[in-house]
Amino acid sequence: MDLESCEMKRIIKDLVLTALAFLRRDNRPKIVFYHDIGKKNTPMGTPTDVFMKHLEVLGRRSSSYASYGGLKGKRKADVVCFDDGFRGVWEYREKVKSISVKCKVKVFVAPRLVGQEGYLTWDEIRTLNREYGIDFQCHTWSHQTLAGEMIDESPKEERTEEWYKRELVESRLRLEEELNLGERVEGERSEVEVERLREKVVVDELCFPVGNFSDEVIERCKRAGYKKVYASYPGNITDDYIQPRCLVQDLGVMGFKAVLNGGMNPLAKRYRAMHYKK
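Residues numbered from 1 in each chain as written. Predicted model: local features only at pLDDT ≥ 70, side-chain atom pairs only at ≥ 80, totals over all residues. Heavy atoms only, no water.

Here's the deal with the overall build of the protein
Helix and strand counts for the protein come out as ten helices and eight strands. Burial status across the protein gives 53% buried among its 278 residues. Intrachain contacts of the protein at a sequence separation of at least 6 include 70% that bridge at least 24 residues. Here the protein has roughly 13800 Å² of accessible surface; of this, 51% comes from carbon and sulfur atoms. (Helix = DSSP H or I, 4+ residues; strand = E, 2+ residues; numbered from the N terminus. Buried < 20%, exposed > 50% of the residue type's maximum accessible area, 1.4 Å probe, protein only. Contact = heavy atoms within 4.5 Å. Areas by Shrake-Rupley, 256 points an atom, 1.4 Å probe, with all protein chains shown as cover.)

So, a nonpolar patch on the surface
Taken together, the side chains of M8, I11, I12, L15, V16 and M254 present a nonpolar region at the surface, about 530 Å² in accessible area. With five residues, the top contributor of residues to the nonpolar patch is helix 1 (residues 3–23). Here V16 lies in helix 1. (Patch = residues over 30% accessible without salt bridge, like charges linked within 9 Å, V, L, I, M, F, W, Y side chains within 5 Å. Salt bridge = Lys/Arg side-chain N within 4 Å of Asp/Glu carboxyl O.)

Some words on the environment of K269
Following the sequence through the fold, K269 ends up in helix 10 (residues 268–275). When the C-alpha positions of K269 and Y233 are compared, they lie 7.9 Å apart, and in sequence the two are 36 residues distant.

Topic: the environment of H275
Turning to its location among the elements, H275 is positioned in helix 10. The class for H275 is buried, based on a relative accessible area of 12%. In this structure, the C-alpha to C-alpha distance between H275 and F213, residues 62 residues apart in sequence, is 6.4 Å. At 3.1 Å, the side chain of H275 and the backbone oxygen of V210 are in polar contact. (Polar contact = N/O pair within 3.5 Å; in protein donor to acceptor, adjacent residues only side chain to side chain.)

Describing the nonpolar core
Proteins that are soluble and globular tend to have nonpolar side chains buried together. Ranked by size, the top nonpolar core spans 60 residues in total, and within it F82 and F208 carry the most contacts. Each residue touching F82, except ones within four places of it in the same chain, is listed here: Y34, H35, I37, F51, V89, V96, V105, K106, V107 and F108. Formed by eight residues, the second largest nonpolar core is a distinct cluster that contains I31, F33, C81 and C207. (Core = buried A, V, L, I, M, F, W, Y, C linked by side-chain atoms within 4.5 Å.)

Okay, here's the thing in structure tokens:
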């Protein structure tokens, strides 16, 4: 698709979402997600200038993420997620850090992909976690779908008990091992910083690769110790086990504002039906 066609598609999306937001306004906090910043590492990346404008919009949202985590009766904050662990998060880490005073920032990584071309390394992941306060959580071991048709980009194997153990359990343990590796308290820091760095990093959340899930997958995730799982259908932040997320990587500023105001919420049932596998 040429540049002109992509821009026209984006404009149409923005207009549709803006109309839906006008009809069904809902500005409660959302989880928005991207894959990367810039197009260098993956075609799924968001153009840098567009991402920066998204950050400006988020910066004007008045919520604080202090109440994020499921506390009822308090205002939660918007959450920004990056799937797969592409290197754009590292390359634009200062910009990402700038929004972390308003939003919680999460990156979902699959250990198999770490260190491959275009992806974060373990050292970069530890630095982003320790120095920039970015939360790293699990995206399975291999980034293969947990339900429905398997994707060509990841190894295709039979979904045996051993396979599920590797994808859901060993992946989480490896992430915890790497995130807690080495000396965490270095240089001159405040008492608050030192105390935070001494805390063990816990990986207890998972994002479904490609968004696919089933009732069986949900039960397996619970048994594997995950306290929350993240889907790819839109909605508001909830206290439920499955968290809705809004994909915004292809949207302009107008469409992004519309999503934050509920423009994507009327499409939730449609997107959930696409990703839920019986």
